[in-house]
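# Observations on chain architecture
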Amino acid sequence: MLKTGFLLGAGFSKYGGMPLSCDFVIQAQNILDNRLERSYIPSREPKNLQSLVRFKDFVSDEKGREINHIEEIIKLSDQYRLTKDWDNIDKEVRDAIYEILIAAPFIMYLKDKNELYKMFDIYLRFLLIVADSEAMIATLNYDPLLELLLHTAAMSITPNSQLFHKFAEIVSFNYGIGDFSYRPLWGSSSNIDRVDILYFKLHGATNWEGCDQHGLTEVCDPLKTRAIGRCRECNMPAKPFIIYPVEEKKLNSQLSALWDTAFGALMQVEQIVIIGCRFNETDKDIFKNVNELISNNKRLVIVDPQGRQIKERIAKLNENVVYIDNGNGEGAVFEDIFCDGKTVANENFQEITNLRLRKDVQYFRNEQPSMPFFEEPVAT
Ligand SMILES: [Zn+2]
């Protein structure tokens, strides 16, 4: 039986440079303005990004107000996809989202390499904790952040990152849906040391493909932007298998089963650690489930700069709920916990959760990893 369940929200991925709902169009414009697409989209034709920006301008004009929220843009793209001028816009918008998520670490890399390496360190320390302890992950994010990280880890072959490299070789994610799990780049599944991390992506994932009728049919390489393929069952064009957090969250049967499995597993752990999830109105379904989980009398640890407020929001006077923040409602508490230094936040975390942070390892901080898939942009 697993001891710890991590439940991750948007704040977890935000630290890794993944855009929030209102940042997608801005990020698309940023990529186009700086012609960054030439460095990470194999085709180097930013058609989808251009379509996203054009469509956003069009619908903002139509509605007479600025529309930035990606969920609203997705919904509108479904409405306009059969019109003459916006043929295929639903697919283009979804592909643009995918490309933007893939680009996020690359944009960080161009902005400040050291920040990117520091970010890698933090997330990998988190993954080491999950791999070292009996833990599982359930996430509300559909971005490929952790997968990208493992890819990069496995591809980085600089001498000092041996442990890091080894780690990426032996760790794989088990998505808990169908027969799909994510295999590491190297190392075989027969490796006896292999660690399979249960990783429930409750809203689907950008690297999952499926069709309305047949659900999830493919788990793709999270690193590659690709032409979306066809459903293996019906040969209809496949689309990203994502539950965008639009108003009506219709879960198809596969995702419902995934939710049931994930919450069944969370019910059995001794403690749940929630990182970067604010339990806003849009997370009502989670909210309901979390209340059920608390009633199961287990410890709930909230890691968030606003941990105190969230604690009040989800469980008044429940002594099993504890929070870890930075004391001032601000700052990157996630970073403070998983950094290599000694901080109040990481000492609190270890004491409260009984999870041990590895202090003796550094991965990227003092070296420049090779990133074969990150090319510098070509000067014009
Ligand atoms: Zn199908």
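Per the secondary structure count, the chain includes 14 helices and eleven strands. The buried share among the 380 residues of the chain stands at 43%. Expressed as a percentage of contacts within the chain between residues at least 6 apart in sequence, the contacts between residues at least 24 apart total 66%.

Turning our eyes to something else, we now look at helix α12 (residues 307-314). Along α12, the residues that are buried comprise Gly-307, Ile-310 and Ile-314. Each buried residue of α12 lies within a common arc of 60° when the element is viewed along its axis, so the set occupies one face.

The subject of this paragraph is the sheet that holds strand β1 (residues 4-8). Taken together, eight strands build an open sheet; the order of strands is β4-β3-β5-β2-β1-β9-β10-β11 and the sheet is mixed. Looking at which strands have only one partner, the edges of the open sheet turn out to be β4 (180-182) and β11 (321-324). Within the sheet, the average angular offset between the axes of one strand and its neighbour, ignoring direction, is 25°. Pairing between β1 and strand β9 (residues 271-275): five bridges, direction parallel. Within β9, the position partnered with Leu-7 by the bridge is Ile-274. Packed onto the sheet, α12 meets β10 (299-303) and β11 and runs at close to 160° relative to β11.

Right, let's talk about the pairing of strand β5 (residues 195-201) for a bit. Where a strand is regular, its side chains alternate between the two sheet faces. Summarising the sheet, strand β2 (residues 135-139) and β5 pair through three bridges and their orientation is parallel. Residue pairing for β5: Ile-137 is matched across the bridge by Tyr-199. As paired elements, strand β3 (residues 171-177) and β5 share four bridges and run parallel to each other. The residue bridging Phe-173 from the neighbouring strand is Ile-197, located in β5.

Relative orientation and spacing of two packed helices are given, respectively, by the angle between their axes and the distance between those axes. At a closest axis distance of 9 Å, the pairing of helix α2 (residues 24-33) and helix α4 (residues 47-63) adopts a crossing angle of 130°. One finds that α2 runs oblique with respect to α4. Between α2 and α4 lies a crossing of left-handed hand. Of the residues in α4, those touching α2 at Val-25, Ala-28, Gln-29, Ile-31 and Leu-32 are Leu-49, Gln-50, Leu-52, Val-53 and Lys-56.

If you look at the biggest cluster of nonpolar residues, it comprises 100 residues, and the most contacted ones within it are Tyr-123, Ile-137, Leu-149, Ile-274 and Val-303. Not counting residues within four places of it along the chain, the set of residues in contact with Val-303 comprises Val-273, Ile-274, Ile-275, Ile-324, Val-333, Phe-334 and Ile-337.

Tracing the backbone through its elements, the reader meets Arg-94 in helix α6 (residues 89-111). Residues Arg-94 and Ile-74, 20 residues apart in the sequence, show an inter-C-alpha distance of 7.4 Å. In this structure Arg-94 touches Lys-239 and Pro-240, once residues within four positions along its chain are discounted.

Below, the discussion takes up the sheet that holds strand β7 (residues 215-219). Read from one edge to the other, the open sheet built from three strands follows the order β7-β6-β8, with strand pairing classed as antiparallel. Bordering the open sheet on either side are β7 and β8 (239-242), each of which pairs with just one other strand. Taken pair by pair, the neighbouring strands of this sheet meet at an average axis angle of 60°, ignoring direction. One ladder, built from four bridges, connects strand β6 (residues 204-211) with β7; its direction is antiparallel. Its bridge partner lying in β7, Gly-210 is registered against Leu-216.

On to the pairing of β1, then. Counting buried positions along β1 gives five out of five residues, so the element sits mostly inside the fold. Examined bridge by bridge, β1 and β2 share five bridges and lie parallel to one another. Paired with Gly-5 across the strands is Met-136, a residue of β2.

Glancing now at the packing of α4 against helix α5 (residues 70-80). In the contact formed by α4 and α5, the axes pass within 11 Å of each other and the chain directions differ by 85°. As summarised for this structure, α4 and α5 are arranged roughly perpendicular, according to the angle between their axes. Contacts between α4 and α5 involve Phe-55, Lys-56 and Val-59 on the former and, on the latter, Ile-73, Leu-76 and Ser-77. Considering only residue class, the contact of α4 with α5 consists of four nonpolar, one polar and one charged.

Now for unusual backbone geometry. Notably, Asn-235 is not glycine yet its phi reads approximately 65°, a positive angle. Mapping Asn-235 onto the fold places it in the loop between β7 and β8.

Looking at where Phe-349 falls in the secondary structure, it is placed in helix α14 (residues 344-353). On the basis of neighbour count, Phe-349 is assigned to the buried category, with 22 C-beta atoms found within 10 Å. With residues near it in sequence (within four places) discarded, Phe-349 still touches Ile-324 and Ile-337.

Another point: α4. Owing to its 3.6 residues per turn, the α-helix brings residues three or four apart onto one side. Between its first and last C-alpha, α4 extends 24 Å over 17 residues, near the 24 Å set by a 1.5 Å rise per residue. Of the residues making up α4, those classed as buried are Asn-48, Leu-49, Ser-51, Leu-52, Phe-55, Lys-56 and Val-59. Buried residues of α4, seen end-on, are gathered within an arc of 155° and therefore sit on one face of the element. Gly-64 occupies a position one or two residues after α4 and carries a positive phi of about 70°.

Moving on to the confidence of the model for the chain. Taken over all residues, the pLDDT of the chain has a mean of 78, while the share at 70 or more is 76%. Averaged pLDDT values over the elements of the chain bottom out at 67 in helix α3 (residues 37-40) and peak at 95 in α4.

Reading guide: rules and limits
- Residues numbered from 1 in each chain as written.
- Predicted model: local features only at pLDDT ≥ 70, side-chain atom pairs only at ≥ 80, totals over all residues.
- Helix = DSSP H or I, 4+ residues; strand = E, 2+ residues; numbered from the N terminus.
- Buried ≥ 20, exposed ≤ 12 C-beta atoms within 10 Å, placed from the backbone.
- Contact = placed C-beta atoms within 7 Å.
- Arc of directions from axis to C-beta.
- Pairing = 2+ DSSP bridges.
- Axes fitted to C-alpha atoms, helices over the stretch in contact; angles between N-to-C directions.
- Parallel < 35°, antiparallel > 145°, perpendicular 65-115°, else oblique.
- Left-handed = near helix turned anticlockwise from the far one by under 90°.
- Core = buried A, V, L, I, M, F, W, Y, C linked by C-beta atoms within 7 Å.
- Nonpolar A, V, L, I, M, F, W, Y, C, P; charged D, E, K, R; others polar.
- Expected span 1.5 Å × (residues − 1).
- pLDDT = per-residue confidence, 0-100.

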